[in-house]
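# Chain and residue survey
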Amino acid sequence: MPTDLLLTPAMFELRRLRMPLVRAFRTSFGTETVREVMVVRVVTDHGDGWGESAIESAPLYLSEFHNAADYVFAEHLIPRLFAAGPLRAEHVASILAPVKGHRMAKSALEMAILDAQLRAEHRSFHQMVGTTRTSVPVGVSVGITDTIDELVDVVAGYIADGYPRIKLKIEPGFDIEPVRRVREANPDVMLQVDANTAYSVADIDHLQQLDAFDLLLIEQPFGEDNLVGHAELRRRMTTPVCLDEAIRSVDHVHTALALGAADVINIKPARVGGYLAAVEVHDLCLAAGVPVWCGGMLETGIGRAANLALASLPGFTLPGDISATKRYWTRDITAAFEVIDGEIAVPTGVGFGITVDTAFVEEITFERREVTRGVVRG
Ligand code: OSB
Ligand code: MG
């Protein structure tokens, strides 16, 4: 049950972790081999909580990046939380609303406070979300490879691991043929593609060739602001059109649906400003009959745990980009998640239901900063 508990944050600890990926991840905007991850721990008068920012080290997916976030956390966001007095996670978005943008940074702070709050209330995020689904269907996002043969092999490995749905990253020069080959090798797998804004409306004739491969969807082929272009694509392709980068708020969902720019929405909680906004986006899409699925940002176990609970909501009718720990890391900062029968169990412990391995976090931290009440720069 929700309570009227209020928390007073005393300190936010911002850490940047260096985590080698099991396999290099190549998208149209770059290749990552070692991921830098920003996590937040809040210390409150009712205990601690953890959040994960999902921000990347360079502004290549969206405009946010670590060095900018570091500054925004310390100079703009955290001082506002300290000034607000005792609060709940439900208040964080409106307290931070005067600061424009920086939704992933805001999400990380709300997430840490929500974790502390739920722990203090002895309940789980899964209970808060309020569903009875105990595991959710998941997929895997497969990066661009040097050769198509290598891609076919990598996909075969993931299918052997039990993933019912494969997402292929595409870009100009690596699209129709790779998709054709993967489809030929796997006639029955659920298959979708993600272009991370690599195309323009001039490519619509080219992209129409993907209609031959019975794809679940094509994700964000055009720029983050190009809703009109996605609406045109939707009229000219039979493959359902899904938006990722374009959806950074509840208002973007309203606009996208009004313009007919999307058949499907990818919900990444950080991208829309937090898990509470993500629930709102879900509710709006469910009411509008628009299917949603949970995107991923190569999270640690903190973000993955929260995503699993979110994805237990009824509108999440497509498998999420929420893969087993071993697809990302040889060692994570929480216990490992495993895929069983194409699904991952929703954590049910208090808060987000994970225990952070603080000794390992300390080992892989390359930058640590404390922002304490009354001290603007830690
Ligand atoms: O576009 O979905 C994306 C990772 C980083 C940035 C953007 C994206 C992704 C992924 C990874 O596709 C999905 C995952 O976390 O498994
Ligand atoms: Mg995407």
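Throughout, residues of each chain are indexed from 1 in the direction in which the sequence is written. For this description, chains carry letters from A and ligands carry numbers from 1, given in the order in which they are written. Restriction of local features to residues with pLDDT of at least 70 applies here, the model being predicted, together with a cutoff of 80 or more for giving and counting side-chain atom pairs; totals for whole chains, interfaces and linings are based on all residues. Water and hydrogen atoms were dropped before computing side-chain values, which therefore reflect all heavy atoms in the structure.

By convention here, the domain bounds are inherited from an automatic or database domain assignment. When its domains are assigned, the chain resolves into domain 1 (9-123 + 355-377) and domain 2 (126-345). A separation of 24 Å is found between the C-alpha centroids of domain 1 and domain 2. Taken residue by residue, the interface counts 41 residues in domain 1 and 47 residues in domain 2. Both faces considered, domain 1 and domain 2 share a buried interface measuring about 3600 Å² in area, 64% of it formed by carbon and sulfur atoms. A carboxyl oxygen of Asp or Glu within 4 Å of a side-chain nitrogen of Lys or Arg is what we treat as a salt bridge. Where domain 1 meets domain 2, there are 3 salt bridges. In this structure, E171 and R26 form a salt bridge, with 3.1 Å as the shortest nitrogen-oxygen distance. Contacts are assigned to residue pairs that have any heavy atoms within 4.5 Å of one another. The quantity reported as buried area is the accessible area (1.4 Å probe) lost by two parts once they are put together, taken as the sum for both.

Backbone hydrogen bonds hold the strands of a sheet together, and the pairing may be parallel or antiparallel. For two strands to be treated as a pair, DSSP must find at least two bridges joining them. Secondary structure elements follow DSSP: runs of H or I no shorter than four residues count as helices, runs of E no shorter than two count as strands, and numbering proceeds from the N terminus. With antiparallel pairing, the 4 strands of this open sheet are ordered in space as β3-β2-β1-β13. Two strands close off the open sheet at either side, each with one partner strand: β3 (47-52) and β13 (365-372). Each neighbouring strand pair of the sheet contributes to a mean axis angle of 20°, computed without reference to strand direction. Lines are fitted to the C-alpha atoms to define the axes, a helix being fitted only along its stretch in contact, and any angle between axes, read from their N-to-C directions, falls within 0 to 180 degrees. Of the strands in this sheet, β1 (9-27), β2 (30-44) and β13 touch helix α1 (residues 66-83), which is tilted by about 150° from β1. Its contacts with the sheet place helix α3 (residues 103-120) against β1, β2 and β3, and it is angled at close to 145° to β3.

Coordination sphere of the magnesium ion (ligand 2), protein contribution only: D194 (OD), E219 (OE) and D244 (OD), at 2.1 to 2.3 Å. With water omitted from the atoms examined, metal sites may look incomplete; donors here are N, O and S atoms no farther than 2.8 Å from the metal, or 3.2 Å in the case of Na, K and Ca. All donors to the magnesium ion (ligand 2) come from one chain, and their sequence spacing reads D-x24-E-x24-D. Taken together, the residues E219 in strand β8 (residues 218-219) and D244 in the loop between β9 (241-243) and α9 (250-259) connect sequence positions 25 residues apart.

Only protein atoms enter the 1 Å grid used here, on which a cavity is any set of points holding a 1.4 Å probe that cannot leave and a pocket is any open set flanked by protein within 12 Å on both sides along at least five of seven lines; residues with an atom within 4 Å of a point are listed as lining. Grid points are joined across faces, edges and corners, and a volume is the space filled by probe spheres set on the points. Evaluation of the coordinates by the stated rule reveals 2 cavities of 30 Å³ or more. Roughly 70 Å³ of internal volume is contained in the largest cavity. Lining the largest cavity are E52, A54, S107, M111, K268, P269, A270, Y275, M297, E299, G303 and N307. Put simply, the parts of the chain that give the lining of the largest cavity at least two residues each are α3 and α11 (301-310). Tallied by class, the residues present in the lining of the largest cavity amount to 6 nonpolar, 3 polar and 3 charged. Each of domain 1 (9-123 + 355-377) and domain 2 (126-345) contributes no fewer than three residues to the lining of the largest cavity. In this structure, the second largest cavity encloses a volume near 30 Å³. Every residue lining the second largest cavity is listed: R35, E36, V37, M38, E52, A54, I55, M297 and L298. Top element by residues in the lining of the second largest cavity is β2. It accounts for 4 residues. Throughout this entry, Asp, Glu, Lys and Arg are counted as charged residues, while Ala, Val, Leu, Ile, Met, Phe, Trp, Tyr, Cys and Pro are counted as nonpolar. The remaining residues, Gly among them, count as polar. Considering only residue class, the lining of the second largest cavity consists of 6 nonpolar, no polar and 3 charged.

Between helix α2 (residues 89-96) and α3, the shortest axis-to-axis distance is 8 Å and the interhelical angle comes to 155°. If you check the angle between α2 and α3, you find them roughly antiparallel. Remark: the crossing between α2 and α3 carries right-handed chirality. Facing A89, E90, V92, A93 and L96 of α2, the residues of α3 in contact are K106, L109, E110, I113, L114 and Q117. Put simply, angles under 35 degrees are roughly parallel, angles over 145 are roughly antiparallel, angles from 65 to 115 are roughly perpendicular, and the rest are oblique. Handedness of a helix crossing follows the sense of rotation of the near helix relative to the far helix, less than a right angle counterclockwise being left-handed and clockwise being right-handed.

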